[in-house]
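So you can see what is in the structure, the chains are spelled out below.
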Protein chains: 2
Amino acid sequence: MSKDEFTQHISRQFNEELEEVRSHLLTMGGLVEKQVIEAVDALVNADSAKAMDVLSVEKKINAMELAIDEECTRIIALRQPAASDLRLLVAATKVNIDLERVGDEASKVAKMSIELAEDSVLPKGYVEVRHIGAHVCSMLRDALDAFARSDVDAAMDVVREDSIVDMEYESAMRQLATFMMEDPRYITRVLNIMWSLRSLERIGDHARNIAEQVIYLVRGKDVRHRSLNELSD
Amino acid sequence: MSKDEFTQHISRQFNEELEEVRSHLLTMGGLVEKQVIEAVDALVNADSAKAMDVLSVEKKINAMELAIDEECTRIIALRQPAASDLRLLVAATKVNIDLERVGDEASKVAKMSIELAEDSVLPKGYVEVRHIGAHVCSMLRDALDAFARSDVDAAMDVVREDSIVDMEYESAMRQLATFMMEDPRYITRVLNIMWSLRSLERIGDHARNIAEQVIYLVRGKDVRHRSLNELSD
């Protein structure tokens, strides 16, 4: 093998490794997205068996996080990548943390749904749980698609959506507080729904974090802590 | 300069850079710890001016996070560090994220304290806010000390403390829910105290994350998602 061939070979191998990291992240993303959908279903349908399924997958997600983290560090150590590839690997490390936290939040919703299923169904707040749950799931999917395609415009859309979710969340919380005041018997149950909404709202934050990493990757500058107007510049 | 001298020079420079990262993280840690203390003070003393001070520092913390992140990536790209140094830099990147999130939670408490200060003082839950606030602050300080001294035993203590904070938090939340049921007029105010406690509990989680990074750094294996028993092995 000539020196040139050897260099090409190494570079092809390296590209394959980077693609594998992306692909593992997308697989993990698909799994945590499914976790969120099922946790919301479990809550709205008072389905404890489904909630237990969600909880049983948590360990698998944790193992995936550790494996991807190990993979990124190993590639950085062995390949000593230059600027843009290094940025991709550092971003992947962060996206990985966000995905695992999404899994944690899905588990919290699943736990709440088990507590809620013990009593008779109280439909207050369920429309909002379903709506905000679907909204943050599509944000998560869009953020990961944007990551897979290095699509800044799609990533910007996710950042915008997060502001909308925050408003929907605030409005749902106000409604639930009013409902508590009107009927204090339901305080404990409504609190559980509030905690679930809080978890969903945080999943939106994680999707936003992932989208910001995409913008960072493509533009080469860090856009966290910027307002939407600043991002559009 | 001989080749040997040159190598020594580079290696000394590299060590200085690593020390600087540590030192910047500790400075940022000191600042976010102060933010938590002041936010809790603002809440308990209905001191909106102090809460505004906390909010005004948020941008500075965000800027520190970006600078440290940039610093770590730059060192990895330029120095191409080997296993243990690379692990330190990857861990520093993660500790950095946790510290910034602690700052976010302190800001949330500050915002709640402004809302709470608008009404007359309601001392329910304030003892718990003060107690849990002091507890997570000392965890944060201990986690950063453990990071500075690569002290696994101290880091294990922080992981243990987090379980205690979680119990204190659960107990405070149950008390507050009971209080809401007894006197529904205070629901909105008690909700704000609950959100503040939630933020403090999350600060404990972040301190635990930092401690786990210390254990990972020293032992060279990832201990996240392990139970306390497994950690002691």
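The rules behind these values
Note that residues are indexed from 1 along each chain, following the sequence as it is written. The order in which chains are written sets their letters, starting at A; the order in which ligands are written sets their numbers, starting at 1. Residue-level local features of this predicted model are given only where pLDDT is at least 70; pairs of side-chain atoms are given and counted only at 80 or more, and the full residue set underlies all totals for whole chains, interfaces and linings. Only hydrogens and water are set aside; all other atoms, that is, all heavy atoms of the structure, feed into the side-chain values. Numbering of helices and strands runs from the N terminus, with a helix taken as a DSSP run of H or I at least four residues long and a strand as a DSSP run of E at least two residues long. Only protein chains enter the accessibility calculation, which uses a 1.4 Å probe; a residue is then buried when its area is under 20% of its type maximum, exposed when over 50%, and partly exposed in between. Computed by Shrake-Rupley with a 1.4 Å probe, the accessible areas treat only the displayed protein chains as cover when residues are assessed. When charges are counted, Lys and Arg contribute as positive and Asp and Glu as negative, whereas His and the chain ends are disregarded. Taken as the charge location is NZ of Lys, CZ of Arg, CG of Asp or CD of Glu. By definition, residues are in contact when any of their heavy atoms lie within 4.5 Å. To estimate the expected span of a helix, subtract one from its residue number and multiply by 1.5 Å. Nonpolar cores are built from buried Ala, Val, Leu, Ile, Met, Phe, Trp, Tyr and Cys residues. Side-chain atoms within 4.5 Å join them into one set. Scored from 0 to 100, pLDDT reflects the predictor's confidence in each residue. Helix axes use the C-alpha atoms of the stretch in contact, all axes being lines fitted to C-alpha atoms, and the angles between their N-to-C directions lie in the range 0 to 180 degrees. Orientation labels follow simple angle bins: below 35 degrees gives roughly parallel, above 145 gives roughly antiparallel, 65 to 115 gives roughly perpendicular, and whatever is left gives oblique. Under this grouping Gly is polar, as are all residues other than the nonpolar Ala, Val, Leu, Ile, Met, Phe, Trp, Tyr, Cys and Pro and the charged Asp, Glu, Lys and Arg. One side-chain nitrogen of Lys or Arg within 4 Å of one carboxyl oxygen of Asp or Glu is enough to make a salt bridge.

Trainee: Talk me through the overall build of chain A; I want residue IDs and the actual numbers.
Mentor: Counting secondary structure elements, chain A contains seven helices and zero strands. The order of helices and strands in chain A, counted from the N terminus, is α-α-α-α-α-α-α. For chain A, the spread of C-alpha atoms along the principal axes amounts to about 80 × 40 × 20 Å. Here chain A holds 233 residues, and 52% of them are scored as buried. Summed over its atoms, the accessible surface of chain A is roughly 10,200 Å², and 51% of this surface lies on carbon and sulfur atoms. One way to put it: in chain A the 29 positive side-chain charges average out to a point 2 Å from where the 43 negative ones average out.

Trainee: Kindly report on the side chain of B:Ser199, identifying the contributing residues and their values.
Mentor: All names here are of chain B. Positionally, Ser199 belongs in helix H6 (residues 187-219). The exposure class assigned to Ser199 is buried, which follows from its relative accessible area of 1%. Every residue in contact with Ser199, bar those within four places of it in the chain, is listed here: Glu105, Lys108 and Val109.

Trainee: For helix H4 (residues 126-149) of chain A, give the residues involved together with the corresponding values.
Mentor: Between the first and last C-alpha of H4(A) there are 34 Å, a value that for 24 residues agrees with the 34 Å anticipated at 1.5 Å per step. Count one or two residues on from H4(A) and you reach A:Ser150, which has phi positive near 50 degrees.

Trainee: Just give me the short version of the nonpolar core, but keep the residues and values in it.
Mentor: Membership of the largest hydrophobic core comes to 150 residues, with the highest contact counts inside it found for A:Leu191, A:Met194, B:Leu191 and B:Met194. Not counting residues within four places of it along the chain, the set of residues in contact with A:Leu191 comprises A:Met180, B:Ala177, B:Met180, B:Leu191 and B:Met194.

Trainee: Explain the confidence of the model for chain A to me, and be specific about the residues and the numbers.
Mentor: In the predicted model, chain A carries a mean pLDDT of 90, and the fraction of residues at 70 or more is 93%. Among the prediction metrics, the complex's ipTM stands at 0.86, with pTM recorded as 0.89.

Trainee: Tell me about the packing of helix H3 (residues 83-117) of chain B against H6(B), and name the residues and values.
Mentor: Residue and element names in this part refer to chain B. At their nearest, the axes of H3 and H6 sit 9 Å apart, and the two run at 170 degrees to each other. Judged by the inter-axis angle, H3 sits roughly antiparallel to H6. The class makeup of the residues in the contact of H3 with H6 is 16 nonpolar, six polar and nine charged.

Trainee: Can you tell me about the pattern of salt bridges, naming the residues and giving the values?
Mentor: Under the counting rule described, the total for this entry stands at 26 salt bridges over all chains. Ionic pairing is found between A:Arg185 and A:Asp183, a salt bridge with its closest N-O pair at 2.7 Å. Look at A:Asp183 and you get buried, because its relative accessible area is 17%. Two residues, B:Arg208 and B:Glu212, come together in a salt bridge whose shortest N-O distance is 2.9 Å. One end of the pair, B:Arg208, and the other, B:Glu212, are both in helix H6, four residues apart, so they sit about a helical turn from each other. Looking at B:Arg208, the relative accessible area reads 19%, which means it is buried. Three or more residues are tied together by salt bridges with common partners; here these are A:Glu105, A:Lys108, A:Arg202, B:Glu105, B:Lys108 and B:Arg202.

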